[in-house]
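The chain contents come next:
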Amino acid sequence: MYEVTKEIENAIYKAVISHTLFVTFTDAAAMEIRSRMTSIAKNEGHDIEAEDFPVMTFNAFSNNIIKAFYNDLGFTEAPGVVDVNPTARAVKAVALITGDNAIKGLNYGIPLAKDGGALNLTLKVWDLAKEAELDPNEPGFDQKVLDLAIKDGVAKKMIDDAGAISQMCDHYQEYLSILKSENLISFADQDTLALQILDMHPEYLDTLGIQHMVVDEAQDSNDKNMEFINRILAVMRKNDPNMEHHSLTIVGDDNQSIYGFRKANPQNMIDFDNKIGMTSTKLFMTQNFRSKQEILDPANALVALNVNRIDKPCVAARGNGGKYTLQGYDSVDEELDAIVDRVAEMINSGITPRDIAVLSFKKATLQKLAAKLSKKGVTWVIKAPLKLIENSRVHGAIEFMQAFKDPTMSKPYFEYLIPLTDGHLLDNEEGLSEEEMQEKIQSLIGEVRSEVMSIINGDPNQGRLKLHEMLEAINVGDDELYTKWLDMMYQHGSEAEKAFQLDPANNNHPLIEEIAWIDYFTEFGADTELKMDQDYEGVVLSTAHSSKGLEWPYVINTISDYDNARLHRAQNVLDVEETRRLLFVSMTRAREELLVTGAYVAYKKDDEVYNQFLKELYVIRDGNTDRWDAELLARAQKIEERAEARKKASAERAKAKREADKKSRLADILAADGKTVAIDGKRGSGKGIYSKSKYATKLRDVRSEYDKKVSKIREMTDSEKAEYNNMTANATQMSLADIIG
């Protein structure tokens, strides 16, 4: 009987799950939800697997709708997402803006894909048009795009913004046609197209049988996400007006809404009832299971300064016992040096490096810290998007592929062997002589060259497999960024394979296309960045945005980059509030200890402008501005002392130079070949000892030389003339004394 009851319970459980839609915003979050729910279900004795839970991102939900009705949108097959491979996207666009299609008003002296380059600017403008859902066929399209470009700031980088954007708009329709002909869309298209389909097929949501919907991280939702939520809710209410057997659950924290640049709208949480047109039951989960109370207190107080928020201060479930320290610095350089010293101290005290995280607003600051930590011998890892082209294995693979252009070169093979040996190519454990080492390396180069020649001269299908094998061989240690880079190249090869199969006569073999893709990537994909998802040993360096969802026992949070001139303009108050929320997120990554640091000065305009967020934290800690004012006064005094010291040192250098110049002029006057002169109490070397009879002659020569240099003497000051007379008299007396002696 127990077994039958359990089977019924499992069936009911699975039935409920099958009618529940779990939605979030990242693949990582979806995997985490699925994993946790599976674990909970199994612990409760349910026979259920991870794939039984319908958990997905909003993008995936939209993509499923598009896949079901792609024909209605004019595609011949379910479209892929071009943004996944930035290099492929660039290749689609570059022909439209180069050669005869070059856009006047853009600077083609800048590399196409670099910031300010023609391709870079064009893609940004097209993205603005796409995100705004502008129809290129509607009147006023060009002006609307120009207005968006001016507001965004991208127009400033053009020589002639109006003329350039007009031509970009002309090519925009062609770009969209190319994407559609190749069954491609962008991430920005997904929600828009899915909503278009729901307009055409309003019955589709009914067929999904959704009775319960759970939205996680709802503070990251944008207006289109809310549109999906409202449409699904409308179906539920149609079938169950009082929502007795249906439910919508929104989970989120408006204090962690930090993706305004992705159109996230915290009002979706703050004003939720008005957004859905009904009253909801609100449960405030204020217990924080990560940070100690000493860390939560300043974070709570900081975000409480925001006007647009739900008041729900966090309480530490782990209680007290944490440590919070706040310290301002005179300069960013001084701050970063102090951070590095503190990290070294923590490691020397026995703290494991991976338990320490240093967070910053900008990745550039992390790179500076990485360089300083390396000098200290501290191992680090950056948990933020990194440029693929700077990866050592990607670099080795790119260099290696040059061998297919000229197999006689040795450098491509040498560059390939470095990652193949995991950087130990030049190790000499056998104690070989220099000549023997060269022979060994040349032998290895010869082996790699032979494999390349076999690919060039052999069957292209087998050659492509061999190339993949060689490229994967240098992935020592399973480098995830290199793996993702290879996937991009393989994707290009797969697209080329489809085209080749359709028309072998007019399309290159996928092997050739994959080799050519390297050049495309080098030119157009050099700025492509990806984030590492795995954990590595070393002090973690992360941007504040990338730290969301993570935690460490010890966190150092540098906030010098958080403030800027834009945030001091009255119209940007919402951006100031988002920055406070970002600080709340980064501060609450710490479990045991939090150190917040920052330079007092945020930026300089006419005068120095202080970091408003650092000042707010000082006031929160101290209850007033006394300490802040005292530290600024001490800083001003130090600056004044340094200025005075520089002024004094400069004066001393100037005085020393004048003394040196004066002595040089005196020496020029006194010094004649063969004479003895005294400078600084030291006797100069003469050509010999003069007799009394010769001395008179030499003395006349000195007087004669004096007369010849009257013009120089006239340039002297009175004190210089007096000193000159004394020195010549002393020199004469000393020389005469020597002769008499």
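Quick caveat: nothing in here was measured; it's all calculated off a predicted structure. (Residues numbered from 1 in each chain as written. Predicted model: local features only at pLDDT ≥ 70, side-chain atom pairs only at ≥ 80, totals over all residues. Heavy atoms only, no water.)

1. Quick notes on the overall build of the protein
Right, on to step 1. On a plain count of helices and strands, the protein comes out with 28 helices and 20 strands.
Right, on to step 2. Looking at the protein residue by residue over its 741 residues, the buried ones come to 42%.
Right, on to step 3. Taking contacts inside the protein between residues at least 6 apart in sequence as the whole, the part at least 24 apart equals 76%.
Right, on to step 4. Approximately 38600 Å² of the protein is accessible, and the part contributed by carbon and sulfur atoms is 51%. (Helix = DSSP H or I, 4+ residues; strand = E, 2+ residues; numbered from the N terminus. Buried < 20%, exposed > 50% of the residue type's maximum accessible area, 1.4 Å probe, protein only. Contact = heavy atoms within 4.5 Å. Areas by Shrake-Rupley, 256 points an atom, 1.4 Å probe, with all protein chains shown as cover.)

2. Examining the environment of Y175
Right, on to step 1. Following the sequence through the fold, Y175 ends up in helix 7 (residues 161-181).
Right, on to step 2. Of the residues examined, Y175 reaches a relative accessible area of 2% and is grouped as buried.
Right, on to step 3. When the C-alpha positions of Y175 and A95 are compared, they lie 9.8 Å apart, and in sequence the two are 80 residues distant.
Right, on to step 4. Ignoring any residue separated from it by four or fewer positions in sequence, one finds Y175 in contact with R89, K92, A93, L96, L123 and W126.

3. Examining the pairing of strand 15 (residues 552-558)
Right, on to step 1. Across the seven residues of strand 15, six count as buried, placing the element largely inside the fold.
Right, on to step 2. Where strand 10 (residues 356-360) lies against strand 15, four bridges are found, and the strand directions are parallel. Each bridged residue has a counterpart across the sheet, and for I356 the counterpart in strand 15 is Y554.
Right, on to step 3. Here six bridges tie strand 15 to strand 16 (residues 590-599), and the two strands are oriented parallel to one another. Bridge pairing in strand 16 places W552 opposite A590. (Pairing = 2+ DSSP bridges.)

4. Some remarks on the sheet that holds strand 14 (residues 539-543)
Right, on to step 1. With respect to topology, six strands assemble into an open sheet ordered 9-16-15-10-14-11, the strand pairing being parallel. Of all strands in the sheet, those with a lone pairing partner are strand 9 (323-329) and strand 11 (380-382), marking the two edges. Averaged over neighbouring strand pairs, the angle between their axes works out to 20° when direction is ignored.
Right, on to step 2. Against the sheet, helix 24 (residues 612-622) contacts strand 9 and strand 16, and its axis sits at roughly 130° relative to strand 9. (Axes fitted to C-alpha atoms, helices over the stretch in contact; angles between N-to-C directions.)

5. A word on the packing of aromatic side chains
Right, on to step 1. Evaluation of the coordinates by the stated rule reveals 17 aromatic pairs.
Right, on to step 2. Aromatic side chains W485 and W517 sit 5.7 Å apart centroid to centroid with 55° between the ring planes, which places their arrangement in the tilted category. Here the residue W485 occupies a position in helix 20 (residues 480-502), and W517 occupies one in helix 21 (residues 510-524), the gap between them amounting to 32 residues. Here W485 and W517 have matching classes, each one buried.
Right, on to step 3. Put simply, the rings of W126, F141, Y172 and Y175 touch in pairs and so form one group of aromatic residues.
Right, on to step 4. Lying over the aromatic face of F75, K180 brings its terminal NZ or CZ to 5.3 Å of the ring centre.
Right, on to step 5. Across from the ring centre of Y259, 4.5 Å away, lies the NZ or CZ of R262, which sits over that ring. (Phe/Tyr/Trp six-rings, centres within 6.5 Å; stacked < 30°, edge-to-face > 60°. Lys NZ or Arg CZ within 6 Å of the ring centre and 35° of its normal.)

6. Looking at helix 17 (residues 411-420)
Right, on to step 1. When helix 17 is considered as a whole, its buried residues turn out to be P412, Y413, E415, Y416, L417 and P419.
Right, on to step 2. Of the surrounding secondary structure, the elements contacted by the buried residues of helix 17 are helix 16 (392-401), helix 18 (434-457) and helix 19 (460-473).
Right, on to step 3. D422 occupies a position one or two residues after helix 17 and carries a positive phi of about 55°.

7. Overview of the packing of helix 3 (residues 58-69) against helix 8 (residues 187-200)
Right, on to step 1. Look at helix 3 against helix 8: their axes get within 8 Å of each other, and the N-to-C directions meet at 55°. Relative to helix 8, helix 3 is oriented oblique. Handedness of the helix 3/helix 8 crossing: left-handed. When helix 3 is examined against helix 8, the residues F58, N59, S62, N63, I65, I66 and F69 are found in contact with a partner set consisting of F187, Q190, D191, L193, A194, I197 and L198. (Parallel < 35°, antiparallel > 145°, perpendicular 65-115°, else oblique. Left-handed = near helix turned anticlockwise from the far one by under 90°.)

8. As for the sheet that holds strand 1 (residues 20-24)
The strands that make up a sheet pair up through hydrogen bonds in the backbone, lying either parallel or antiparallel.
Right, on to step 1. Read across the open sheet, the four strands follow the order 2-1-5-6; overall the sheet is parallel. With one partner strand each, in any of the chains shown, strand 2 (55-57) and strand 6 (247-250) form the two edges of the open sheet. Across the sheet, the mean angle separating the axes of adjacent strands is 20° when strand polarity is ignored.
Right, on to step 2. Pairing of strand 1 with strand 5 (residues 212-215) involves four bridges; the strand directions are parallel.

9. What about unusual backbone geometry?
Right, on to step 1. In this model, M243 sits at a positive phi of 55°, which is unusual for a non-glycine residue.
Right, on to step 2. With respect to the helices and strands, the residue M243 is situated in the loop between helix 10 (223-239) and strand 6.
Right, on to step 3. Its identity as a non-glycine residue notwithstanding, D422 has a phi of 55°, on the positive side.
Right, on to step 4. By secondary structure assignment, the location of D422 is in the loop between helix 17 and helix 18.

10. Digging into a negative patch on the surface
Right, on to step 1. A surface patch of negative charge is lined by E434, E435, E436 and E439.
Right, on to step 2. Turning to its location among the elements, E434 is positioned in helix 18.
Right, on to step 3. For E434, a relative accessible area of 63% translates into the label exposed. (Patch = residues over 30% accessible without salt bridge, like charges linked within 9 Å, V, L, I, M, F, W, Y side chains within 5 Å. Salt bridge = Lys/Arg side-chain N within 4 Å of Asp/Glu carboxyl O. Lys, Arg positive; Asp, Glu negative; His and termini not counted. Charge placed at Lys NZ, Arg CZ, Asp CG, Glu CD.)

11. Details of the pattern of salt bridges
Right, on to step 1. Under the defined criterion, the tally for this structure stands at 48 salt bridges.
Right, on to step 2. Measuring nitrogen to oxygen at the nearest pair gives 3.9 Å for the salt bridge that ties E138 to K144.
Right, on to step 3. For K144, a relative accessible area of 38% translates into the label partly exposed.
Right, on to step 4. Among the salt bridges present, the one from E608 reaches R635, with a minimum N-O distance of 3.0 Å. Placement of the pair is E608 in strand 18 (residues 608-610) and R635 in helix 25 (residues 626-670), with a sequence separation of 27 residues.
Right, on to step 5. Using a relative accessible area of 7% as the deciding quantity, one classes R635 as buried.
Right, on to step 6. The network of salt bridges with common partners includes D115, K124 and K157.

12. Focus on the side chain of T122
Right, on to step 1. Within the element layout of this structure, T122 appears in helix 5 (residues 118-131).
Right, on to step 2. Look at T122 and you get buried, because its relative accessible area is 1%.
Right, on to step 3. Setting aside residues up to four positions removed in sequence, T122 forms contacts with I97, I103, L106 and M168.

13. Some details on the nonpolar core
Among soluble globular proteins, nonpolar side chains are generally buried collectively.
Right, on to step 1. Counting 93 residues, the largest nonpolar core has V343, F400, M401, L467, L471, W485 and M587 as the members making the most contacts within it.
Right, on to step 2. The leading source of residues in this core is helix 20, at seven residues.
Right, on to step 3. Discounting residues that sit within four places of it in the chain, V343 has contacts with I356, V358, L373, V378, V539 and I556.
Right, on to step 4. L96, I97, V154 and I165 belong to the second largest nonpolar core, which has 35 residues in total. (Core = buried A, V, L, I, M, F, W, Y, C linked by side-chain atoms within 4.5 Å.)

It is worth stressing that arrangement in space is one thing and function is another; only the former is reported here.
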